[in-house]
Amino acid sequence: MQPRHTLTILVILVALSAALFLFYQLPGGAVAYILERRAIKLAALIVTAVAIAISTSIFQTVSGNRILTPSILGLDTLYLLVQTLLMFLLGAKSLAMMGRISDFLLSVAVMIVFSLALFSLLFGKHTMPLTMVLFLGMVFGQLFGALASFFQLLIDPNEFLTVQARMFASFNSVNTALLFSSSVIVAAIACALVFFLDILDVLSLGRESAITLGVDHRRASRLFLIIVAILTAIATALVGPVTFLGLLVVSLARQIAPTYRHSIILPTSCLLSMLFLIVGQLLFERIFHFNTPISIIINFAGGIYLLSHLILRGTV
Amino acid sequence: MITINHATKRYGSRSVVNDVSLSIGEGTLTTLIGANGAGKSTLLSLVGRLLEGEGEFLLEGKRIDRYPSTELAKRLSMLRQSNHITVRLTVAELVGFGRFPYSRSRLTAADRRIVSEAIEAMDLTNLSGKYLDQLSGGERQRASIAMIIAQDTKYILLDEPLNNLDMAHSVHIMKLLRTLVDERGKTVILVLHDINFASCYSDAIIAMKDGTLVYHAPTDDVITPDALQQIYGMEIPVCEHRGRRFCLYHL
Amino acid sequence: MPFVNDQRYREDFMHRYILLTLVVIFSLASLSLGVISFEETTMHILVQSRLPRTISILISGMSLATAGAIMQLLTSNRFVTPTTGSTTEWAKLGLLIILIWTPQASVVTKTLFSFAFGFAGTISFLFIIKRIKLKEATLVPLVGIIYGNIIASIATYLGYQHDLIQSIQSWTQGTFALILKGRYEVLYLSIPCLIVAMLYANRFTLISMGREISISLGVRYQATLYVGLLIVSTISALVLVTVGVIPFIGLVVPNMVTLYRGENLEQNITTIALLGGLFLLACDIISRLVLHPFEIPISVTASIIGCLLFILLIVGRRRHAA
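Everything quoted here is computed from the prediction, not taken from an experiment.

A. Inspection of the overall build of chain C at higher detail. Per the secondary structure count, chain C includes 12 helices and zero strands. Its C-alpha atoms give chain C a radius of gyration of 20 Å, within 12% of the compact-globule value 20 Å for 322 residues. C-alpha extents for chain C along the principal axes are approximately 60 × 50 × 35 Å. A fraction of 76% describes how many contacts in chain C between residues 6 or more apart in sequence connect residues 24 or more apart. Working note: accessible area of chain C is about 14,500 Å², and carbon and sulfur atoms make up 66% of it.

B. Quick look at the pairing of strand β7 (residues 155-159) of chain B. All names here are of chain B. In terms of burial, β7 is largely enclosed, as five of its five residues are buried. The two faces of β7 match: Tyr-155, Leu-157 and Asp-159 on one face and Ile-156 and Leu-158 on the other face are all buried. The sheet contact formed by strand β6 (residues 76-79) and β7 spans four bridges and is parallel. In the strand pairing of β7, Ser-77 is matched with Ile-156.

C. Inspection of the sheet that holds strand β9 (residues 204-209) of chain B at higher detail. Residue and element names in this part refer to chain B. Pairing in this open sheet of six strands is mixed, and the strands run β6-β7-β8-β3-β9-β10 from one edge to the other. Every interior strand has two partners, whereas the edge strands, β6 and β10 (212-218), have only one. The mean inter-strand angle of the sheet, taken between neighbouring strand axes irrespective of direction, is 15 degrees.

D. Seen up close, the interface of chain A and chain B. Contact residues are listed per partner, giving 21 residues for chain A and 27 residues for chain B. Both faces combined, the contact of chain A with chain B buries some 2,100 Å², and carbon together with sulfur accounts for 56% of it. Of all residues in chain A, Thr-212, Leu-213 and Tyr-260 of chain A give up the largest surface area on contact with chain B, accounting jointly for 32% of the area buried on that side. Along the contact surface separating chain A from chain B lie three salt bridges. Among the ionic pairs, Arg-218 of chain A bridges to Glu-52 of chain B, the shortest N-O distance being 3.5 Å. Across the contact surface, chain A and chain B share eight residue pairs in polar contact (both at pLDDT 80 or more). Of all elements in the fold, only α7 (197-203) and α8 (207-212) of chain A reach the threshold of two or more residues within the side of chain A that touches chain B. Per-element accounting of the side of chain A that touches chain B gives the leading share, five residues, to α8 of chain A. Residues that form the side of chain A that touches chain B fall into these classes: nine nonpolar, four polar and eight charged.

E. Structural view of helix α10 (residues 245-256) of chain A. Residue and element names in this part refer to chain A. Relative to the 16 Å expected for 12 residues at 1.5 Å per residue, α10 spans 16 Å between its end C-alpha atoms, a close match to the ideal helical length. Judged by how many residues are buried, α10 sits mostly within the fold: 10 of 12 residues are covered. Buried within α10 we find Leu-245, Gly-246, Leu-247, Leu-248, Val-249, Val-250, Ser-251, Leu-252, Ala-253 and Arg-254. Structurally, α10 contributes buried residues whose contacts are with α2 (31-63), α11 (262-287) and α12 (294-313).

Reading guide: rules and limits
Residues numbered from 1 in each chain as written. Chains lettered and ligands numbered in written order. Predicted model: local features only at pLDDT ≥ 70, side-chain atom pairs only at ≥ 80, totals over all residues. Heavy atoms only, no water. Helix = DSSP H or I, 4+ residues; strand = E, 2+ residues; numbered from the N terminus. Rg over C-alpha atoms; globule rule 2.2 N^0.38 Å. Contact = heavy atoms within 4.5 Å. Areas by Shrake-Rupley, 256 points an atom, 1.4 Å probe, with all protein chains shown as cover. Buried < 20%, exposed > 50% of the residue type's maximum accessible area, 1.4 Å probe, protein only. Pairing = 2+ DSSP bridges. Axes fitted to C-alpha atoms, helices over the stretch in contact; angles between N-to-C directions. Buried area = accessible area lost by both parts, 1.4 Å probe. Salt bridge = Lys/Arg side-chain N within 4 Å of Asp/Glu carboxyl O. Polar contact = N/O pair within 3.5 Å; in protein donor to acceptor, adjacent residues only side chain to side chain. Nonpolar A, V, L, I, M, F, W, Y, C, P; charged D, E, K, R; others polar. Expected span 1.5 Å × (residues − 1).

Below, the structure is given as structure tokens:
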């Protein structure tokens, strides 16, 4: 199937699911209020979906590997750790005064530093084989999680409830200020990327080919990694760690639109990502009336897909 | 003209390239030879800025690291190993990337013409629509070389381009490179481990041993038993055939 | 025992002596630590709480390290452990299911169920690994983690359904704080497992070299594989039911030893076991001292220290190789 046709079909599917999400099972009264709340949730879902899809695609291109994702490398647990630390060091009141935006920015800064450090292991002066970087990332992910648990123990239980609300933000309680600024950032990044799509294509040829063809590999990679860190922070801030969504979505995108062109891969994965999140949330809110966190369904479905993919293909 | 001043590359305490200085003139085909580990590929990679090391590397009088990336890519191209590409590309698409420094992804009619010529020159016309993972190692090698040709730079650096290629294609490429130098005035620098190809087609030979420069001279001055003994540590008889020298080291 | 290299034999012996001495010292230290100070400790407290605690730490450490080493040989992969090979998640699922079914199940029943699931799960994991013609070795533990994640999602889902999320959380955070006489004795079953492991050590090493080599050297491949799996699943279940999940021991300790001593399990198994016990004792002491008199769950301490050690390990390997 032509990539263009695939994209069109996906757009239609996403539009349909969005419409369903907004209008299905509308209760009798307070329609305007419900619609507003649903619209906000929908916006959060879309922003998160785009952030995850773009960050994973770019990350895989830059690192030259289809197994890696930002979350496998522990970036999202790092975010949680920074949040916990901030709470520990500043206490709930000062944190509230500091405002979500500033603590978000601080978390992003830390994540950027960490990503660049890990990245220098892949391409810097002293390279490590991919195996090691992967494990180092997973180990760091565990370490950050453990440290976060440790600091949680030290935090006053009352204050902790505030942290918890932030840490396990679900789509049920979206912070509108954060959502607004996130949307702006994600939209800005998406627009800027349009100019860099062909550089991403060249990067996917590998470091040596990229350098030969005149792309400053180091600078380009660094820039893209910074973008990845920002997008991962946004996704984690809005929905918490969703380990396999990125991997699932990008693998699937590559399957249905097998091409090297990022001008196709990026939109396809974004649309797939939106579809999964919207439909997933829809199913579990309206159809099944559960309050199971959506991350569970995604990890489950994503895991099954990945496993069968690995069994059938021997590689990602 | 490429000038190398005091090139050195160290890994820990080991020097793979040790204080090498030389100049390569324009419009020539030069080959680097030497035993395994002599430092030939490393030296070439230093020039092609795929590795970082100590020393000064000048392209037409200007330091290579002072050239903006795109400008450099229009003057100098390099190919090392070609088989790392795992992206789903057709031959035509890969070769098309060779025009990236000039047109990014918007190929003009002129670009397309250059791309087809490069594909034809590498005998890949009937494979141009196939995906890289459907090709054999030799075909992929030729596709990568075609990309370099499409890049159409004045200076071409190739590290062991004849790997994976059968005899017919090896000869074909050497002849092509010779044509590029003689008819288009390009400067080609190769690393080859087959000294006979080096002897047949080069204007000059650079010989390295244990990281140091042992010879940099016209071909016939280097392809002699004494020089070869020094370079390879082997007794290598040399004979002549159709005006060229051949090394018979096999016995 | 035929040792080719006499000097190494002597070195190993010395290492084991040192480790043994350290273990004894740390055990005594562990016994003397507690909420109540050393002077006021009565025999009663010692017998009811301290001694069981120290013993279970020692046994858990030794058996988890050994289980990790065995798992690595069975899968021929340095990074597969009960935790990264989905065994732990299966064991948790088993435990959850028996709790849903019979909330008042005895420790023995719980362990049996947990073990059964762990065993079945690990077999399915090995089956998947053999089926996948993996192009890269990295993918094996990744498959384990993905598989483990799937099972964990099922468990969490069930947990939400039956309001057992708290329990799942408490198993995930292993802790020795609840060990009391009468509640931990099941752990003693690890000791026969360790003994069997020592007897089979050589065979496990051969298995890691592949099916053909093992068979041509006279080892019954399938049977040995199952013995290994039995040991790993039993140990995982036992520790899970009494203590909870303790990450990293199975990963870090065997790798530390194989880095310096190669992968001959028969030679290394005592060192690995002793080092595992030592590691956990040290973690436990730190857990209890840092926020005295409060206690950090051992899984947190083991994670932090284990991670740091693992990173040092990787850096050390590179220096070694270079």
